[in-house]
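Each chain, written out:
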Amino acid sequence: MNTHIYTPRLKDNGERLRLILNDADWAVANRYRGTLRVRGVVTDQNTGKRYRIKGATCGLQCRCDATAEEV
């Protein structure tokens, strides 16, 4: 099993997360990469915490990163 690093921002405060994902969660996170259609729930392999991820729109400070909130 490969592990992948995924770095969305927390929805509440904009803090950058560093999630370690397995292959299945990596596929969820990259299904519609770069669009607003990114949606799913992934699990950080280090902590076991689950996060709901969503695509984000560009703003004035161009935060096009996906957002995450703990489930």
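Residue numbers here run from 1 along each chain, matching the order of that chain's written sequence. In keeping with the predicted nature of the model, local features appear solely for residues at pLDDT of at least 70, side-chain atom pairs appear and are counted solely at 80 or more, and the whole-chain, interface and lining totals rest on all residues. Side-chain measures were taken over the full set of non-hydrogen atoms in the model, leaving aside hydrogen atoms and water.

Trainee: If you had to explain the side chain of Asp-25 to someone new, which residues and values would you point to?
Mentor: Looking at the element boundaries, Asp-25 is found in helix 1 (residues 23-30). Buried within the structure, Asp-25 lacks any salt-bridge partner; its nearest side chain of opposite charge belongs to Arg-50, at an N-O separation of 6.8 Å. A contact between two residues is defined here by any heavy atoms of the two lying within 4.5 Å. Every residue in contact with Asp-25, bar those within four places of it in the chain, is listed here: Val-41, Val-42, Thr-43 and Gln-45. Numbering of helices and strands starts at the N terminus; helices are DSSP runs of H or I of at least 4 residues and strands are runs of E of at least 2. Any residue under 20% of the maximum accessible area for its type is buried, any over 50% is exposed, and the rest in between are partly exposed; the area is computed with a 1.4 Å probe on protein chains only. A residue counts as positive if it is Lys or Arg and as negative if it is Asp or Glu; His and the chain ends are not included. By definition, a salt bridge exists where a carboxyl oxygen of Asp or Glu is found within 4 Å of a side-chain nitrogen of Lys or Arg.

Trainee: Describe the pattern of salt bridges, listing the residues and the values that go with them.
Mentor: Between side chains of opposite charge, a pair can form as their charged atoms come close. Inspection of the entire model under this criterion finds 1 salt bridge. Between Arg-52 and Glu-69 there is a salt bridge; the shortest N-O distance is 3.7 Å. With Arg-52 in strand 5 (residues 50-54) and Glu-69 in strand 6 (residues 67-70), this residue pair connects regions lying 17 residues apart in the sequence. By relative accessible area, Arg-52 is classed as partly exposed at 34%.

Trainee: Please provide a residue-by-residue account of the pairing of strand 6, values included.
Mentor: We call two strands paired when DSSP finds no fewer than two bridges between them. Sheet topology places strand 2 (residues 9-10) next to strand 6; 2 bridges connect them, and they run parallel. Bridge pairing in strand 6 links Leu-10 to Ala-68. For strand 5 and strand 6, the ladder comprises 4 bridges, and the chain directions are antiparallel. Paired with Lys-54 across the strands is Thr-67, a residue of strand 6.

Trainee: So what's going on with helix 1? Residues and values would help.
Mentor: Counting along an α-helix, one turn takes 3.6 residues, and residues three or four places apart therefore face a common direction. Among the residues of helix 1, Asp-25, Val-28 and Ala-29 are the ones counted as buried. On an axial view of helix 1, the arc spanned by its buried residues comes to 95°, and they lie on one face. Measuring from the backbone nitrogen of Ala-24 back to the side-chain oxygen at the start of helix 1 gives 3.2 Å, which picks out Asn-22 as the cap. Think of it as the arc spanned by the lines of direction from the helix axis to the C-beta atoms. Side-chain atoms alone can form a polar contact between residues adjacent in sequence; in general such a contact is a pair of N or O atoms within 3.5 Å, and within protein one must be able to donate a hydrogen while the other accepts it.

Treat this as a map of the structure, not an account of what it does.
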